[in-house]
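Below, each chain spelled out in residue letters.
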Amino acid sequence: MNEYLNRATVAIEDLVKDIIEYTPNIILALLVCLLSFYLSNRVKKATEKILLKRNIKHSARNVIANMTSFATILGGLYLMLSIMNLSDFIKALLGAAGLIGLAVSLALQSTLSNTFAGIVLSFIKTIKIGDWIETNGYAGEVQEINLRVTTLLLADGNILTIPNKLLIENTLKNYSLTENSIISLQCGIDYNSDLQFVEDLVVNTIKSELPCYVPGTKVPFFYYEFADSSINFEVRFQSKSGRAIEIAQFKGLAIKLIHKKFKEHNINIPFPIRSLEVRNSK
């Protein structure tokens, strides 16, 4: 009985000695841990300010700032474990992390693909928040680019989320990369019309009365077809917008103006005419 008591006493004394010996390291490790979390927030804000001054787009700023914050915390945890002299534990932890990371990457392959695609979208200049894009059969304004999906506001007011991987792998048309866009109109006029007068009327109407027309740019006009009931023409002009919804509105306004001018000058837009000959079977 006395032997067991002596062993227990020795064990307790050794434990107390270890606690006393490692107390400064434990306190220092806790301070390092708290300091790393504090610094991570400061580093994140400082990174965002630096990137903002360099005109880095919002989505890229978020990705870089979060990565620097995570790296700061990770460095603090590594330093904390080193202070506590847990080198063997660190090696085991890194080995386990590698195996877990491999298993997770296989299980979340689709999610990781979207994440990497989100990082790519955050840095490329061909797409940013506020752009009007068309992709995967949809068109809308980019509202948000995160590490999983890109959010679009459609023309009908609905919200659409597209996995980032689809934006990288499929064709993407960005209407906002250029300040101006070219609008094309086709129409037909009666065969009795004065072709030169019609051309001058349409071109002058666009240049002088269409508010979205870009001053000083050319307005190509050409007749391209002798149709069954009309002579068809096409006119093109540059508008002051790259957004699809505004392009459609400007095109509608141009149609109204040209139609009004045609009515004022008695220029006829003929209906398709087809003559039918009925023969007597007698």
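A quick note: this is a predicted structure, and the numbers were derived from the prediction, not measured. (Residues numbered from 1 in each chain as written. Predicted model: local features only at pLDDT ≥ 70, side-chain atom pairs only at ≥ 80, totals over all residues. Heavy atoms only, no water.)

**Structural notes on the nonpolar core**
The nonpolar side chains of a soluble globular protein tend to be buried with one another. Grouped together as the largest cluster of nonpolar side chains are 26 residues, with contacts concentrated most on Val 202, Ile 206, Leu 210, Phe 233, Val 235, Phe 237 and Phe 262. Residue assignment for this core shows that the elements contributing at least two residues are strand E6 (181-189), helix H6 (195-209), strand E8 (231-239) and helix H7 (244-264). If one sorts the elements of this core by residue count, H7 sits on top with six residues. With sequence-adjacent residues up to four places away left out, Val 235 is seen in contact with Ile 183, Ser 184, Leu 185, Val 202, Ile 206, Val 219, Pro 220 and Phe 221. Residues Val 142, Ile 145, Ile 162 and Leu 167 belong to the second largest nonpolar core, which totals 10 residues. (Core = buried A, V, L, I, M, F, W, Y, C linked by side-chain atoms within 4.5 Å. Buried < 20%, exposed > 50% of the residue type's maximum accessible area, 1.4 Å probe, protein only. Helix = DSSP H or I, 4+ residues; strand = E, 2+ residues; numbered from the N terminus. Contact = heavy atoms within 4.5 Å.)

**What to know about the environment of Gly 216**
By the element assignment, Gly 216 lies in the loop between H6 and strand E7 (221-226). Once the C-alpha coordinates of Gly 216 and Gln 238 are considered, the two residues, 22 residues apart in sequence, prove to be 9.8 Å apart.

**Describing unusual backbone geometry**
Positioned with a positive phi, Asn 136 is a non-glycine residue whose angle comes to about 55 degrees. Relative to the helices and strands, Asn 136 resides in the loop between strand E1 (132-135) and strand E2 (138-145).

**Describing the environment of Pro 220**
Inspection of the secondary structure puts Pro 220 in the loop between H6 and E7. For Pro 220, a relative accessible area of 36% corresponds to the partly exposed category. The spacing of Pro 220 and Arg 236 is 16 residues in sequence and 5.5 Å in space, taken between C-alpha atoms. Excluding residues that lie within four positions of it along the chain, Pro 220 makes contacts with Glu 234, Val 235 and Arg 236.

**A word on the packing of aromatic side chains**
Tallying each qualifying case throughout the model produces five aromatic pairs. With a centroid separation of 5.2 Å and 80 degrees between ring planes, the pair formed by Phe 221 and Tyr 223 is classed as edge-to-face. Here Phe 221 falls in the buried class, since its relative accessible area comes to 11%. Owing to a relative accessible area of 26%, Tyr 223 belongs among the partly exposed residues under this scheme. Consider the rings of Tyr 223 and Phe 233, whose centres lie 6.2 Å apart with planes at 80 degrees: the pair is edge-to-face. Of this pair, Tyr 223 sits in strand E7 while Phe 233 sits in strand E8; the two residues are 10 residues apart in sequence, bridging distant segments of the chain. Classification of Phe 233 as buried rests on a relative accessible area of 2%. Three or more aromatic residues joined by ring pairs make a cluster, and in this case those are Phe 221, Tyr 223, Phe 233 and Phe 262. (Phe/Tyr/Trp six-rings, centres within 6.5 Å; stacked < 30°, edge-to-face > 60°.)

**Considerations on the sheet that holds E7**
Pairing in this open sheet of three strands is antiparallel, and the strands run E6-E8-E7 from one edge to the other. Two strands close off the open sheet at either side, each with one partner strand: E6 and E7. Taking the axes of each pair of neighbouring strands and ignoring which way they run, one obtains an average angle of 25 degrees across the sheet. By the bridge criterion, five bridges tie E7 to E8 in an arrangement that is antiparallel. Looking at E8, one finds that Glu 225 is bridged to Asn 232. (Pairing = 2+ DSSP bridges. Axes fitted to C-alpha atoms, helices over the stretch in contact; angles between N-to-C directions.)

**A closer look at the pattern of salt bridges**
Taken as a whole and assessed by the stated rule, the structure comprises four salt bridges. Linking Asp 131 and Lys 128 is a salt bridge whose minimum nitrogen-to-oxygen distance equals 3.2 Å. Where Lys 261 meets Glu 264, a salt bridge forms, and the shortest distance between an N and an O atom there is 3.8 Å. With Lys 261 and Glu 264 both in helix H7 and three residues apart, this pair spans about one turn of that helix. According to the relative accessible area criterion, Lys 261 is buried, its value standing at 16%. Judged by relative accessible area, Glu 264 falls into the partly exposed class, the value being 46%. (Salt bridge = Lys/Arg side-chain N within 4 Å of Asp/Glu carboxyl O.)

**Quick notes on the side chain of Ser 36**
Here Ser 36 is to be found in helix H1 (residues 2-53). In contact with Ser 36, not counting residues within four places along its chain, are Thr 72, Ile 73 and Gly 76.

**As for the sheet that holds E2**
The strands making up a sheet associate through hydrogen bonds between their backbones, and the pairing can be parallel or antiparallel. The five strands lie next to each other as E4-E3-E2-E1-E5, forming an open sheet whose pairing is antiparallel. Since the sheet does not close on itself, it has two edges, and those belong to strand E4 (159-163) and strand E5 (172-174), each with one partner. For this sheet the average axis-to-axis angle between neighbouring strands, irrespective of direction, equals 40 degrees.

Any link to function would need more than the numbers given here.
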